[in-house]
Amino acid sequence: MTTGEPLIVLDAVNKWFGPLHVLDDVSLSVGRGEVVVVIGPSGSGKSTLCRAINRLEPINSGTITFDGQPLPAEGKPLARLRSEVGMVFQSFNLFAHKTILENVTLGPIKVRKEKPAAARERGLALLDRVGIANQADKFPAQLSGGQQQRAAIARALAMQPKAMLFDEPTSALDPEMVGEVLDVMTSLARDGMTMVVVTHEMGFARHAANRVIFMADGRLVEDASPAEFFENPRSERAKDFLSKILTH
Amino acid sequence: MGEFFRVLTDNGQLFVDGFTNTVKLFLIAAVGSLVLGTLLGAMRVSPVPALRAFGATYVNLVRNTPLTLVFAFLVFAVPKLDVNIDYFASAAIALTVYTSAFVCEVIRSGVNTVAAGQAEAARALGMTFAQVLTLIVLPQALRAMVPPMMSVFIAMLKNTTIAAGFSVLEAGAIPAYMAERGEPQFAVLLWITIGFLILILPLVALQRFLERKWRVAR
């Protein structure tokens, strides 16, 4: 699964929100094709970590490298980098004034300057892949949460990204819709997509992740295989966290 | 009653000339302030601190200055710098400069009604600031901007009458001419009022039309 140079490298990354040290000397590397699941209590900095990788959150010190290049600070180079990293948000953030198909084709047409016909063809194929091809002409507000999140995944995939970031993709969903989104993510992982997934879905972490990162208080506390982490957590923080979420 | 209509028919050309200039001033300043105000609004929401500061300074400086003073600057002060502009152009520029500050704030408040996640998702796709604004944020902000924008333009249409004090023959200048001709002021002022009401009606209709057209599901 991991070949050659790592795709994403964070080295001694620090970030403060005012006095709050939200990322505390975090170093991490993610190989090509690797699926890394980030878990931890709320406020542990896991979402910030995920958002720092495409610089939606700027960092205060340290370096982040994507595909061998340090993250550009602003402007066109940063926009180009972002176009190569797909991002899926907790609250979907589909463009409310565009149809589902337009949501999926807008990036390829406007950012990649692809021909509308080609973008449309690939967009429809992606919507079919995530199981909502029949919703292509509807507006986001007309879809269920699970359908919206699958559309958001298709929108990110339409850019043919080198990696996908998922920031709690199932946390805003009704329980019966979580499965359909995780199924899409699992199939992506199987196809070899590089993924960083912030989630509370321990089932997904167990069966789809290559590595589990456990964060607490802005620090990266554990970095292990799922089997090792869930059966044999080393730190007290991780033991405590797992005992709270796995007992019921 | 006959006297009331006679005031209009006897002085028809003056009314036509006056209101024509009012409409011209309005249209030029409306287009100008829409362009300049949108640029200022974009500056105020941009990621560049220097542009944000410029936009904020412009708004605070111009919005808090009496319009008569802005006119006076352009008509009396600017020619002292050996810049030759006629009264009508000065009036159009003064109205544009002044109204832009208000348009900017309408644009900014419209932008603020769009959820932050929309712009974030657009940036995550690799869109530039201009693309985020024009493709994602402004189209969704339009509906919220229509009612306050119309108020700004209606106020601007009425503000054109200040140009009368600076040698521009527009609707606000009609009473002075009529006084010279010995016409009854009551009738004159009523006709001017009716003229403005008629001019403002299309703006109200436009507002209704746009609000309906840009209704979106959220």
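For chain B, an unreviewed UniProt entry supplies the name Amino acid ABC transporter permease and the organism Micromonospora parastrephiae. We quote the UniProt Sequence similarities (unreviewed entry) comment for chain B here in full: "Belongs to the binding-protein-dependent transport system permease family. HisMQ subfamily."

> Quick one: what's the story with empty space enclosed by the protein, residue by residue and with numbers?
With the rule as written, the count across this model stands at one cavity of 30 Å³ or more. Approximately 80 Å³ is the volume found for the largest cavity. Taken together, 13 residues form the lining of the largest cavity, with Gly86(A), Met87(A), Ala156(A), Ala124(B) and Leu125(B) sitting closest to its centre. For the lining of the largest cavity, the secondary-structure elements that each account for two or more residues are helix H2 (75-83), strand S6 (85-88) and helix H5 (145-157) of chain A together with helix H6 (116-124) of chain B. The element best represented in the lining of the largest cavity is S6(A), accounting for three residues. Partitioned by chemical class, the residues of the lining of the largest cavity number nine nonpolar, two polar and two charged.

> Describe helix H6 (residues 175-190) of chain A, naming the residues involved and giving the relevant values.
Residue and element names in this part refer to chain A. Taking 1.5 Å of rise per residue, 16 residues should cover 22 Å, and H6 covers 24 Å from first to last C-alpha, within 8% of that figure. Regarding H6, the residues found buried are Met-177, Val-178, Val-181, Leu-182, Val-184, Met-185, Thr-186, Leu-188 and Ala-189. In this structure, the buried residues of H6 make contact with strand S3 (35-39), helix H4 (116-129), H5, strand S7 (163-167), strand S8 (194-198) and helix H7 (202-208). Of the residues one or two after H6, Gly-192 is the one with positive phi, at around 95°.

> Any details on the packing of aromatic side chains? Residues and values, ideally.
Residues and elements named next belong to chain B. By the definition in use, this model includes eleven aromatic pairs over all chains. Note on Phe-4 and Trp-191: the rings are 4.6 Å apart at their centroids and 10° apart in plane angle, and the pair reads as stacked. On the criterion of sequence distance, the pair formed by Phe-4 in helix H1 (residues 2-10) and Trp-191 in helix H9 (residues 185-213) is long-range, its members being 187 residues apart. Of the residues examined, Phe-4 reaches a relative accessible area of 17% and is grouped as buried. Between Phe-26 and Phe-153 the ring centres are 6.4 Å apart and the planes differ by 85°, which places this aromatic pair in the edge-to-face class. Of this pair, Phe-26 sits in helix H2 (residues 12-44) while Phe-153 sits in helix H7 (residues 129-159), and the two are 127 residues apart along the sequence. In this pair, the class of Phe-26 matches that of Phe-153, namely buried.

About the criteria used
Residues numbered from 1 in each chain as written. Chains lettered and ligands numbered in written order. Predicted model: local features only at pLDDT ≥ 70, side-chain atom pairs only at ≥ 80, totals over all residues. Heavy atoms only, no water. UniProt positions renumbered as here; feature names shortened; annotations may be inferred. 1 Å grid on protein atoms, 1.4 Å probe; cavity = no way out; pocket = protein on both sides within 12 Å on 5 of 7 lines; lining within 4 Å. Points joined across faces, edges and corners; volume = space filled by probe spheres on them. Helix = DSSP H or I, 4+ residues; strand = E, 2+ residues; numbered from the N terminus. Nonpolar A, V, L, I, M, F, W, Y, C, P; charged D, E, K, R; others polar. Expected span 1.5 Å × (residues − 1). Buried < 20%, exposed > 50% of the residue type's maximum accessible area, 1.4 Å probe, protein only. Contact = heavy atoms within 4.5 Å. Phe/Tyr/Trp six-rings, centres within 6.5 Å; stacked < 30°, edge-to-face > 60°.

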